[in-house]
Amino acid sequence: MIQLEYFLLLAAALFCIGIYGLVTSRNVIRVLMSIELMLNAVNLNLMAFSNYLDPATARGQVFAVFVITIAAAEAAVGLAIVLSIYRNRDTVDMEQFNLLKW
Amino acid sequence: MTLAEGVQLVSFGLLAAMMIGTALGVVLLSNIVYSAFLLGGVFISMAGMYLLLNAGFVAAAQVLVYVGAVNVLILFGIMLVNKQEDFKVIPRAWIGKLATAVVCVGLFALLSTMVIGTPWALSTETAAGDGATVLIGMHLFSDYLLPFELASVLLLMALVGAIILARREYIPDEPAETAVSDALTLPERPRDLVPAGKSDVD
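Figured I'd write up the structure that's included with this text. These numbers come from a predicted model, not from an experiment. Every chain is numbered on its own, with residues counted from 1 as its sequence reads. Chains and ligands are labelled by the order in which they are written, letters from A for the one and numbers from 1 for the other. Selection of residues for local features in this predicted model requires a pLDDT of at least 70, selection of side-chain atom pairs for listing and counting requires 80 or more, and totals for whole chains, interfaces and linings are taken over all residues. Each side-chain value is derived from all of the structure's non-hydrogen atoms; neither hydrogens nor water enter the calculation.

Counting from the N terminus, the helices are DSSP H or I runs at least four residues long and the strands are E runs at least two residues long. For chain B, the helix and strand inventory stands at 6 helices and 0 strands. Burial statistics for chain B: of 202 residues in total, 26% are counted as buried. Summarising the internal contacts of chain B: among those between residues at least 6 apart in sequence, 45% fall at separations of at least 24. In this scheme, a residue with accessible area under 20% of its type's maximum is buried, one over 50% is exposed, and one in between is partly exposed, where area comes from a 1.4 Å probe on protein chains only. Every residue pair with non-hydrogen atoms within 4.5 Å of one another is taken to be in contact.

Spelled out as structure tokens, the structure:
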């Protein structure tokens, strides 16, 4: 029987991979993809808890549906922001996006 | 899900290997187009995990929304900003990468000790199974009605905001005489058209 811990460990690994990609990538689109990875890891957590701790009412599945909705909106707005920054700076390098830094 | 336990275990192992492998590919590959397609692999294996967790509806929603919409949107974004550029080399960038890797491995170790050490209060009720779809619908229209409506408003706001952000900014040369007829149109800078069928390497 698959234990709850397996799913939680897998979600933790996916989340850590997402954080690594988020911090180290220099391409903006790859940063967006890493955020999607992290959101998916959270979703897997929600679904695992829903199945093992509260299987009869399926509340975790409702939460996962909401997270999927918000993630879709986030991807659309994020890509629009990336496009507009790309038009301004003519690059997709994260290190060049320091308009507010110094 | 009525599968034999061995089948469940094997499919979990396959899906987990596929998920971790494709996720590492997303983060580590240098070609961004390969990364985008591998991201689709992560989403597909995630949908398989949802099926193993007795959630057929969310698995279908995952395939429809993530693979069908988000991944395609990201591919479109890559095609729109497809600039082959070699990033300027930052001196001592490996220190940052190493520090990030150490932090991520540490976080994973912390989470795993927590996950393994915690006595989870496992429920003995039977899972809703295929009836979960009906249950989700009941939840959405009774006790989660307000978040549901808020999500719909948020999606509308994201739609309008994305259009406003992604349009070309328009700076009028002369102060526009207040035309009533185009009061509802969104002014946009005219684009310089690229001749069709012409490659950009000439």
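Across its full length, chain A carries 3 helices and 0 strands. For chain A, the N- to C-terminal ordering of α and β elements is α-α-α. Its C-alpha atoms give chain A a radius of gyration of 17 Å, more than 25% over the compact-globule value 13 Å for 102 residues. Classification of the 102 residues of chain A by burial places 60% in the buried group. The long-range share in chain A, meaning contacts at least 24 apart out of those at least 6 apart in sequence, stands at 59%. Accessible surface, chain A as shown: approximately 3,900 Å² in total, 65% of it carbon and sulfur. Side chains of chain A carry 6 positive and 7 negative charges; the gap between the two charge centres is 9 Å. Atoms counted for the radius of gyration: C-alpha only. Globule rule: 2.2 Å times residue count to the power 0.38. Here, Shrake-Rupley sampling with a 1.4 Å probe gives the accessible areas, and only protein chains in the shown set may cover a residue. Here the positive residues are Lys and Arg and the negative ones are Asp and Glu; neither His nor the chain ends is included. A charged residue contributes its charge at one atom only: NZ of Lys, CZ of Arg, CG of Asp or CD of Glu.

Residues Phe7(A), Ile29(A), Leu37(A), Leu44(A), Met49(B), Val58(B) and Ile74(B) are the most contacted members of the largest nonpolar core, which totals 67 residues. Going through the elements one at a time, helix H1 (4-24), helix H2 (28-53) and helix H3 (59-89) of chain A together with helix H1 (5-28), helix H2 (32-52), helix H3 (56-80), helix H4 (93-117) and helix H5 (132-141) of chain B are the ones with two or more residues in this core. Those residues in contact with Ile74(B) that sit more than four places away from it in its chain are Ile29(A), Met33(A), Glu36(A), Leu79(A), Ala36(B) and Leu39(B). Here, nonpolar core refers to any group of buried Ala, Val, Leu, Ile, Met, Phe, Trp, Tyr and Cys residues whose side-chain atoms link them within 4.5 Å.

Time to look at the interface of chain B and chain A. Listed as interface residues are 80 residues of chain B and, on the opposing side, 71 residues of chain A. Together, the buried faces of chain B and chain A total about 7,000 Å²; carbon and sulfur atoms form 77% of this surface. Think of a salt bridge as a Lys or Arg side-chain nitrogen and an Asp or Glu carboxyl oxygen that are within 4 Å of each other. Between chain B and chain A we count 0 salt bridges in total. For this analysis, a polar contact is any N or O atom pair within 3.5 Å, provided that within protein one partner can donate a hydrogen and the other can accept it, and provided that sequence-adjacent residues contribute only side-chain to side-chain pairs. The interface formed by chain B and chain A contains 9 residue pairs in polar contact (both at pLDDT 80 or more). When contributions to the side of chain B that touches chain A are tallied by element, the ones reaching two or more residues are H1, H2, H3, H4, H5 and helix H6 (145-166) of chain B. A per-element tally of the side of chain B that touches chain A places H1(B) first, with 12 residues. Under the grouping applied here, Gly and all other residues not named as nonpolar or charged are polar, the nonpolar ones being Ala, Val, Leu, Ile, Met, Phe, Trp, Tyr, Cys and Pro and the charged ones Asp, Glu, Lys and Arg. Residues of the side of chain B that touches chain A, tallied by class, amount to 59 nonpolar, 12 polar and 9 charged. Accessible area that two parts lose when put together, evaluated with a 1.4 Å probe and summed over both, is termed the buried area.

All names here are of chain A. Enumeration over the complete set of coordinates arrives at 1 salt bridge over all chains. Across the pair Asp93 and Arg26 runs a salt bridge, and its minimum N-O distance is 2.6 Å. A residue pair is termed long-range when its members are at least 10 positions apart, and Asp93 in the segment after H3 and Arg26 in the loop between H1 and H2 qualify at 67 residues. Across this residue pair, the class does not change: Asp93 and Arg26 are buried.

Let us now look at the environment of Gly18(A). Residue and element names in this part refer to chain A. Structurally, Gly18 is set in helix H1. On a C-alpha basis, the gap between Gly18 and Leu37 in space is 5.4 Å, while along the polypeptide they are 19 residues apart. Once you skip the residues sitting within four places of it in the chain, Gly18 turns out to touch Ser34, Leu37 and Met38.

This paragraph deals with H1(A). Expected span of a helix, by definition, is 1.5 Å for each gap between consecutive residues, and there is one gap fewer than residues. Helix length check: H1(A), at 21 residues, gives a terminal C-alpha distance of 31 Å against a target of 30 Å (1.5 Å per residue), a fit within 8%. Counting buried residues along H1(A), 15 of its 21 residues qualify, which places the element largely inside the surrounding structure.

Structurally, the position occupied by Phe66(A) is in helix H3. Considered as a pair, Phe66(A) and Ala13(A) are 53 residues apart in the sequence and their alpha carbons are 23 Å apart. When near neighbours in sequence (up to four residues on either side) are disregarded, Phe66(A) contacts Leu140(B), Tyr144(B), Pro147(B), Phe148(B) and Ala151(B).

Our next topic: the environment of Ile85(A). Within the secondary structure, Ile85(A) sits in helix H3. Here the alpha-carbon distance between Ile85(A) and Asn98(A), two residues 13 residues apart in the chain, equals 11 Å.

Quick look at unusual backbone geometry now. For Ala58(A), which is not glycine, the phi torsion reads 60 degrees and is therefore positive. Residue position: Ala58(A) is located in the loop between H2 and H3. Despite not being glycine, Arg92(B) shows a phi value in the positive range, around 60 degrees. By the element assignment, Arg92(B) lies in the loop between H3 and H4.

Everything listed is a geometric property; what it means functionally is a separate question.
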